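One-letter residues, chain by chain:
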Amino acid sequence: MILKRFLRRHRGALLAAVVLSAMSAVSTMGLLSHINRLAANGLPALGARPLATGIAWLLALLASNGASQFILARLGASLVAQLRVDLSNRFIDLDYETLATTKHSIVGSLIEDVASIAPLVLVAPLLAYNILLATLYAGYLASVSLPLLGILLAFLGSTLLVSLTLERYLRTRFDRLRNASDTVFEYFRYLSDGKKEMTLNASRATYVADELLGPAIQRARALSVQVNTGLGVNEAWSSAVVYGSVFVIVYLGYALLALPQATVVSFVIGALFLSGPVAFIVSAARQVGVGTASLRHLQRVGLDLAGETAGRVPDAETEPLDTWACIRLDQVAYRYPGETEPRVALGPVSLEIRRGEMVFIVGGNGSGKSTLLLVLSSLLTPHAGRVTIDGVPLDGNVRRYRERFTGVFGDFFLFPHVIDATGRRVSDDRIAQWLTALGLGTHVQVNHGELSKLALSTGQRKRLALLQCYAEDREIFFFDEWAADQDTHFRDHFYRTLLPALKTRGKTIIAISHDDRYFHVADRVVKLDGGKIVEDVRQAELT
Ligand SMILES: Nc1ncnc2c1ncn2[C@@H]1O[C@H](COP(=O)(O)OP(=O)(O)OP(=O)(O)O)[C@@H](O)[C@H]1O
């Protein structure tokens, strides 16, 4: 898991932090025994030596503690950066399907979970240091008085028991708190994405604020109160136990054990020193609770920080299949979560798409066209049937298979950087030519492969999405109702000029369309209804 990889990568710095922490623990011990000696025996004579020894121990403590804190601060920053990189890579590697069907907020994970997991990892060396310190103190206290140490340990044992019981009780509450934060993040997204609708419709804004966001915030607040009250009470209890134990030790030390004053005083000072590490160990439950809840949350989202990321470089197994001739869907079916047989989004469907063909997918709303496109491009994995390319199933070749596709989804996202299929920025001259050809020459400029403007009309934004497809120039172009937002002139241009030009260049085209005026342009028109293919008409039959 991440902690292991982090420890491996930064072992030098971590070792230094641990050595410095141990030095700091030894210095604290040295200071403690020096103070105790002076307290018990008094000053031997007025001289500089005891003062110099005390100052030396203090300086050693300050230097080792300061240096270890400096290293830990650097490690903390590296860890946050590494977690961000790791999580981003895992989001990139995550299946579209998992992400599309999850209700969890990605941004929430990138912000909230990173902020919680980093302290969880960083608390580990500090915990180790405090446990070491507590053990050293316990060893010292054992040398002062074993019976008193027995009393102290009995008290501390009870604190530990309470802490462990509380940890179990709070675990599910930490998870609920994390989920409640996710709901708040989701409603925050409404505030930005639904801004126009809410500005126009004040009742909608009121509804979002009063019925959704307000209750979600209140629920997160209530859970936060529960969790923090539990933790706070535990901290108060443990500190009361430590001071209570000191009181009992003094009382029993004199009344029951009849110990000499010097022994009782030395023990009390040592026990008070011990209260620091004990308080730290108890308070670490907060970071551990929040951090582990975030780790569990990431697992629920489908992200596991264990293991390595897949990496995005095509691997050796993905042999190029440049001479493919046809893609086949055999009895393929797909259902979204919650859908039950026999009413499913798609299938069973069987379909063959030959290389270089121009296929239009048509049908009413909800007939399964977009789902078919997502299955064809392997973004959704069918629940039944199989997809093959020249008879070879996609398993193990999915990445290479996906690299054959470029296109514009119904809910496309526009990136400002224009890059080719290998990830390199396309030359400005080439982009400028496409911008002119797409009627955007006067609206958008390009600088080092970056478009100057994306805030355009829907139709214009779709043209920029098409420009990105030209830049990628892959073997199969798909369009999900691309022409729906184009003016009459450009729609005609798309069907009569742009699509045939792509076909002339040997590209395979799969276009979802409602424009029956242009169906004759296609080689084939495949009609869907209720998720099934009800017509598959070839060009000869179309004309
Ligand atoms: N993300 C989703 N989660 C759950 N169900 C979905 C999802 N997307 C689509 N569906 C369901 O799958 C069925 C097919 O939807 P699909 O988007 O493929 O239809 P379509 O033919 O592209 O429709 P349209 O012409 O309206 O874009 C519909 O019944 C729809 O409700």
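Residues numbered from 1 in each chain as written. Predicted model: local features only at pLDDT ≥ 70, side-chain atom pairs only at ≥ 80, totals over all residues.

If you check an unreviewed UniProt entry, the protein chain appears there as Cyclic peptide export ABC transporter from Luteibacter sahnii. On record in UniProt, under Subcellular location (unreviewed entry), the comment for the protein chain is "Cell membrane". (UniProt positions renumbered as here; feature names shortened; annotations may be inferred.)

Chemist: Could you clarify how one ought to interpret the confidence of the model for the protein chain in this entry?
Modeler: Should pLDDT be low for a region, the predicted coordinates there are not to be read in detail. Here the protein chain averages 87 in pLDDT, while 93% of its residues score no lower than 70. Note on residues 314–318: pLDDT under 50 across the span, and six contacts to partners over four residues away in sequence or across chains. If you check the scores for this complex, the pTM reads 0.75 and the ipTM reads 0.97. (pLDDT = per-residue confidence, 0-100. Contact = placed C-beta atoms within 7 Å.)

Chemist: Honestly, helix H14 (residues 488–504) in this entry has me stumped. Any pointers?
Modeler: The periodicity of an α-helix, 3.6 residues per turn, causes residues three or four positions apart to be oriented the same way. An ideal rise of 1.5 Å per residue puts 24 Å on 17 residues; H14 measures up with 24 Å between its terminal C-alpha atoms. Along H14, the residues that are buried comprise Phe494, Tyr495, Leu498 and Leu499. Tucked inside the fold, the buried residues of H14 contact strand E3 (358–363) and strand E10 (508–512). One or two positions beyond H14, positive phi appears at Gly506, with a value near 85°. (Helix = DSSP H or I, 4+ residues; strand = E, 2+ residues; numbered from the N terminus. Expected span 1.5 Å × (residues − 1). Buried ≥ 20, exposed ≤ 12 C-beta atoms within 10 Å, placed from the backbone.)

Chemist: Sorry if this is basic, but what is going on with the site of the ligand here?
Modeler: In the vicinity of the ligand, the residues found are Ala100, Tyr336, Ala345, Gly363, Asn365, Gly366, Ser367, Gly368, Lys369, Ser370, Thr371 and Gly410. Looking at the shell around the ligand, the element that brings in the most residues is helix H10 (residues 369–376), giving three residues. Within the shell around the ligand, the residues separate by chemical class into three nonpolar, eight polar and one charged. (Near = placed C-beta within 6 Å. Nonpolar A, V, L, I, M, F, W, Y, C, P; charged D, E, K, R; others polar.)

Chemist: Just checking my understanding: could you explain the domain arrangement of the protein chain for this structure?
Modeler: Accessible area lost upon the coming together of the parts serves often as the stated size of an interface. What the domain assignment reports for the protein chain is domain 1 (2–301) and domain 2 (326–542). Relative placement of domain 1 and domain 2: their C-alpha centres are 52 Å apart. (Domains from an automatic or database assignment.)

Chemist: Would you explain the sheet that holds strand E1 (residues 326–334) in this entry?
Modeler: Neighbouring strands of a sheet are bound in pairs by backbone hydrogen bonds; such pairs are parallel or else antiparallel. Strand order across the open sheet formed by four strands is E2-E1-E4-E5, with antiparallel pairing between neighbours. Each edge of the open sheet carries a strand with a single partner, namely strand E2 (346–354) and strand E5 (392–393). Note that E1 and E2 share six bridges and pair antiparallel. Residue Cys326 lies in a different strand from E2, and its bridge partner there is Arg354. This element, H10, spans E1, E2 and strand E4 (384–389) of the sheet and lies at about 60° to E2. (Pairing = 2+ DSSP bridges. Axes fitted to C-alpha atoms, helices over the stretch in contact; angles between N-to-C directions.)

Chemist: Help me understand the packing of helix H2 (residues 11–41) against helix H9 (residues 261–301) in this model?
Modeler: Packed helices, taken two at a time, are described by the angle their axes make and the gap between the axes. At a minimum axis separation of 10 Å, H2 and H9 run at an interaxial angle of 150°. With respect to each other, H2 and H9 are oriented roughly antiparallel. You can see that H2 and H9 cross each other, and the crossing is right-handed. Residue-level contacts link Leu32, Ile35, Asn36, Ala39 and Ala40 of H2 to Ala262, Val265, Ser266, Ile269, Gly270 and Phe273 of H9. Tallied by class, residues from the contact of H2 with H9 come to eight nonpolar, three polar and no charged. (Parallel < 35°, antiparallel > 145°, perpendicular 65-115°, else oblique. Left-handed = near helix turned anticlockwise from the far one by under 90°.)

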